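# Report on the structure
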Amino acid sequence: MHPQVEKFIQEEHTCPHCSERMSCCESPPVHVGDGLGWGSEILFICLNDMCPLFLNGWAQIENQYGHHASYRYMELPGSRESNVMMVGNADAFKAAVINPQELQSQNTRYQKEKDAVKALDTCVADNNLEPVMTLLLDEAADRVNRSRALEFMVQLNDLECIDPIRNHAFRDIAFENECNLAIRSILKANYRKECPSCFEIIKAQAVKCMHCGETVK
Ligand SMILES: [Zn+2]
Ligand SMILES: [Zn+2]
């Protein structure tokens, strides 16, 4: 997200018609009036259903234009430039409301992904499994970056990667399978296997699990 937009989202706008706090919304793709955008990715809109502008708008538009619609009060971010928007029902724009906290956490996640991608280039030289795991366990991370991380996981050949992956719920089954194959090759390279009974990692040649006592082959 554009840093300017991030700043705008923190703004507080109050509706002059009802004195309620206005909602920060994603702009509709085009300005219905003139076919141009609003020139802003976000807008502040009063979505209070008790707002007098909205309540009285129905009769006004009915009388003036003869159709069923009303007005919502709107302000552009970074200014007090205001306007009214025509809406056909009370729910218009409500799905476009931006939750600043949610957005902030998305940004934090994205930043973490970006940092991890950068650290991938040196992760083998630094013997650093962390960025690899960050990407592998981040379901929202870019698939290409996760696949790259998986290649580095095999190169790092660190048994520490196994538990977090085994305990992770993957949404992408194909990717989970790739991770399982990578784990298998890491176990093999370390002369290890997983006990089929307790899933602890044991020596490949063990016939009895040292953790649960189960006979393994
Ligand atoms: Zn209002
Ligand atoms: Zn066992």
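Residues numbered from 1 in each chain as written. Chains lettered and ligands numbered in written order. Predicted model: local features only at pLDDT ≥ 70, side-chain atom pairs only at ≥ 80, totals over all residues.

Within strand β3 (residues 70-75), six of the six residues are buried, which leaves the element mostly enclosed by the surrounding structure. Both faces of β3 are covered, namely the face carrying Ser70, Arg72 and Met74 and the face carrying Tyr71, Tyr73 and Glu75. For strand β2 (residues 42-45) and β3, the ladder comprises two bridges, and the chain directions are antiparallel. Within β3, the position partnered with Ile45 by the bridge is Met74. Across six bridges, β3 lies against strand β4 (residues 82-87) in antiparallel orientation. Counted as the bridge partner of Tyr71 is Met86 from β4. Between β3 and β4, which follow one another and run antiparallel, lie six residues, and Gly78 among them has a positive phi close to 70°. (Buried ≥ 20, exposed ≤ 12 C-beta atoms within 10 Å, placed from the backbone. Helix = DSSP H or I, 4+ residues; strand = E, 2+ residues; numbered from the N terminus. Pairing = 2+ DSSP bridges.)

This next bit is on the domain arrangement of the chain. Domain annotation of the chain identifies domain 1 (3-96) and domain 2 (111-203). Domain 1 and domain 2 are separated by 47 Å when their C-alpha centres are compared. (Domains from an automatic or database assignment.)

In this structure, Cys25, Leu43, Phe44, Ile45, Cys46 and Met74 are the most contacted members of the largest nonpolar core, which totals 17 residues. Those elements that place two or more of their residues in this core are β1 (23-26), β2 and β3. Looking at which element gives the most residues to this core, the answer is β2, with four residues. Ala116, Val132, Ala149 and Cys179 belong to the second-largest nonpolar core, a separate cluster that totals 13 residues. (Core = buried A, V, L, I, M, F, W, Y, C linked by C-beta atoms within 7 Å.)

Unusually for a residue other than glycine, Ser19 sits at a positive phi of about 65°. Position of Ser19 among the secondary structure elements: in the loop between α1 (3-9) and β1. The exposed category is assigned to Ser19, around which 10 C-beta atoms lie within 10 Å. With phi around 55°, Tyr191 is a residue other than glycine that occupies positive phi space. By the secondary structure assignment, Tyr191 is in the loop between α7 (173-189) and β5 (192-194). The class for Tyr191 is exposed, based on 9 C-beta atoms found within 10 Å.

Bringing the sheet that holds β3 into the picture now. Spatial strand order, β1-β2-β3-β4: four strands in an open sheet with antiparallel pairing. Where the open sheet ends on each side, the last strands, each with one partner, are β1 and β4. Going from strand to strand, the sheet's axes swing by 45° on average, the running direction of each strand aside. (Axes fitted to C-alpha atoms, helices over the stretch in contact; angles between N-to-C directions.)

It is the contact of helix α3 (residues 100-123) with helix α5 (residues 143-156), at a shortest axis distance of 11 Å, that shows an interaxial angle of 35°. α5 is crossed by α3, and the crossing has left-handed handedness. Facing Glu113, Val117, Leu120 and Cys123 of α3, the residues of α5 in contact are Asn145, Arg148, Ala149, Phe152 and Leu156. Split into classes, the residues belonging to the contact of α3 with α5 amount to six nonpolar, one polar and two charged. (Left-handed = near helix turned anticlockwise from the far one by under 90°. Contact = placed C-beta atoms within 7 Å. Nonpolar A, V, L, I, M, F, W, Y, C, P; charged D, E, K, R; others polar.)

Closest axis-to-axis distance for the α5/α7 pair is 9 Å, and the angle between their directions is 10°. Of the possible angle classes, the one that applies to α5 and α7 is roughly parallel. Contacts between α5 and α7 pair Arg146, Leu150, Met153 and Val154 from the former with Phe175, Glu178, Cys179, Ala182, Ser185 and Ile186 from the latter. Looking at the contact of α5 with α7, its residues break down into seven nonpolar, one polar and two charged. (Parallel < 35°, antiparallel > 145°, perpendicular 65-115°, else oblique.)

Looking at where Arg184 falls in the secondary structure, it is placed in helix α7. Separated by 74 residues in the primary sequence, Arg184 and Tyr110 place their C-alpha atoms 30 Å from one another.

In a regular helix each residue adds 1.5 Å, so 14 residues correspond to 20 Å; α5 covers 20 Å between its end C-alpha atoms and thus fits that length. Buried within α5 we find Arg146, Ala149, Leu150 and Met153. Mapping the buried residues of α5 onto a view down its axis gives an arc of 105°, with all of them on the same face. Exposed positions of α5 whose direction lies more than 90 degrees from the buried face are Val144 and Gln155. Along its buried surface, α5 packs onto α3, α4 (130-136) and α7. (Expected span 1.5 Å × (residues − 1). Arc of directions from axis to C-beta.)

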